[in-house]
Every structure is written in structure tokens, then in C-alpha cells.
Amino acid sequence: MINRLSHATVYVLDQASARNFYTEKLGFEVRADVAMAPVCDGGPDIRWLTVGPKAQPDVEIILADCAMGQDEATAEQLRELVAKGALGTGVMATDDCRATYEELSSRGVVFLQEPAERPYGTEAVFRDDSGNWFSLTERAASG
């Protein structure tokens, strides 16, 4: 029986740059950064790089090179989709969307939408340094 999600993948254009973005701008911590052998014969070396929010030690976000486990044609398609911002990869939760928006903006995080009230809470939308976008959401107090 599956009892929890432990890892989620975010494809990035440059793992070194992504590591800096997620740790220095978002405040996440590195969970793993390991050089590994290619997934398939003749494929590229793999860097297993994971990060996560400090307050959530049981979740790891895999910052995956687009070539990881892909043939070159597919890797190039992934790079194009990531770069143009076609992939919305998830929701980052916060207790105070407006304060977090201000803090992240001051660190250079690019927001596509400023905080706005929604039926489910207060939401802002930002992009990482590769082009992936995330919802930053403060859930509405339940009635």
C-alpha cells in the first residue's frame, strides 16, 4: 500500500543554477547532490539533486536535468517546454502569501501574478530560473 509521496520531479535547464535558485532564493535545503552513472548505456552521467523545504524533511524535489532518462529528442522537447514556461509544476504553501511574496521578490524571484484573493485563499504565481511556474498559496481559513 502506498502511504505517502516522497519525491516529485521538476525538470530544470541547469542543475547548478537551479540548486542556487531553490536554496538561496526560496530558502530550501539540499537533501542530496550525488554524481551517478548513466541511466542507460551511452547516456549522459546523472546528477541526483534534490531539495526541499526545511520544515518538511520527508519531501524531496528532484531538480532533474531534462536529459535524465530521456533520449536526446525528448530531452530537447522538455528543454523547450520548460524554457517557455509551459509546465506548471505545483503549489507551494505558505502561512502568509503577501509577506512571502515580498520576501521572495526582494531576493529576485520573478512573479507572474501578485497576491490576489481566490475562493481557496490568497495566491501569487512565480517562475523558477528555468521557467517552471508555481502557485504560492495561503489557504483560506476553513469555516
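This text follows the structure it describes.
For the structure given in this document, a descriptive report is provided here. A quick note: this is a predicted structure, and the numbers were derived from the prediction, not measured.

Turning our eyes to something else, we now look at the overall build of the chain. In terms of regular secondary structure, the chain is built from 3 helices and 8 strands. Across the chain, helices and strands are ordered from the amino to the carboxyl terminus as β-α-β-β-β-α-β-α-β-β-β. Here the chain has a C-alpha radius of gyration of 16 Å; the compact-globule value for 143 residues is 15 Å, and the two agree. Principal axes of the C-alpha set define a box for the chain whose edges measure 55 × 35 × 30 Å. Here the chain holds 143 residues, and 36% of them are scored as buried. Within the chain, residue pairs in contact and separated by at least 24 positions form 53% of the contacts whose partners lie at least 6 positions apart. Surface summary for the chain: the accessible area is close to 8400 Å², and the carbon and sulfur share equals 51%. Computed over 13 positive and 23 negative side-chain charges, the inter-centroid distance for the chain is 3 Å.

Attention shifts here to the side chain of Gln15. Examined against the element boundaries, Gln15 turns out to sit in helix H1 (residues 15–25). If we skip the residues at most four places from it in the chain, Gln15 touches Arg47, Leu49, Leu63, Ala64 and Asp65.

Okay, the sheet that holds strand S5 (residues 88–93) next. Read from one edge of the open sheet, 4 strands run S5-S8-S7-S6, paired in mixed fashion. Every interior strand has two partners, whereas the edge strands, S5 and strand S6 (110–118), have only one. Neighbour-to-neighbour, the strand axes of the sheet open up by a mean angle of 20°, direction not taken into account. Bridge count between strand S7 (residues 121–127) and strand S8 (residues 133–139): 7 bridges; the pairing is antiparallel. The residue of S8 that forms the bridge with Gly121 is Arg139. The strands that helix H3 (residues 97–106) touches are S6, S7 and S8; relative to S6, the one it contacts most, it runs at about 170°.

A full pass over the atoms with the stated rule returns 8 salt bridges. A salt bridge links Arg98 to Glu117; the shortest N-O distance between them is 2.8 Å. Pair noted here: Arg98 is in helix H3 and Glu117 is in strand S6, with a separation of 19 residues, a long-range link. Look at the salt bridges and you will find they share partners, linking Arg19, Asp33 and Arg47 into a network.

With that settled, the discussion passes to H3. Regarding H3, the residues found buried are Cys97, Thr100, Tyr101 and Leu104. One side of H3 holds all its buried residues, which, seen down the axis, span an arc of 105°. Facing away from the buried side of H3 by over 90 degrees, the exposed positions are Glu102 and Ser106. Residue Gly108 follows H3 closely and has a positive phi angle near 95°.

This part is about the sheet that holds strand S1 (residues 7–12). With mixed pairing, 4 strands are arranged side by side in an open sheet as S1-S4-S3-S2. Bordering the open sheet on either side are S1 and strand S2 (29–36), each of which pairs with just one other strand. Strand after strand, the sheet turns through a mean of 25° between neighbouring axes, direction not considered. Where S2 lies against strand S3 (residues 46–52), 7 bridges are found, and the strand directions are antiparallel. Each bridged residue has a counterpart across the sheet, and for Val34 the counterpart in S3 is Trp48. Across the sheet, H1 touches S1, S2, S3 and strand S4 (60–65), and the angle it forms with S3 is around 10°.

Procedures and definitions
- Residues numbered from 1 in each chain as written.
- Predicted model: local features only at pLDDT ≥ 70, side-chain atom pairs only at ≥ 80, totals over all residues.
- Heavy atoms only, no water.
- Helix = DSSP H or I, 4+ residues; strand = E, 2+ residues; numbered from the N terminus.
- Rg over C-alpha atoms; globule rule 2.2 N^0.38 Å.
- Buried < 20%, exposed > 50% of the residue type's maximum accessible area, 1.4 Å probe, protein only.
- Contact = heavy atoms within 4.5 Å.
- Areas by Shrake-Rupley, 256 points an atom, 1.4 Å probe, with all protein chains shown as cover.
- Lys, Arg positive; Asp, Glu negative; His and termini not counted.
- Charge placed at Lys NZ, Arg CZ, Asp CG, Glu CD.
- Pairing = 2+ DSSP bridges.
- Axes fitted to C-alpha atoms, helices over the stretch in contact; angles between N-to-C directions.
- Salt bridge = Lys/Arg side-chain N within 4 Å of Asp/Glu carboxyl O.
- Arc of directions from axis to C-beta.

Everything listed is a geometric property; what it means functionally is a separate question.
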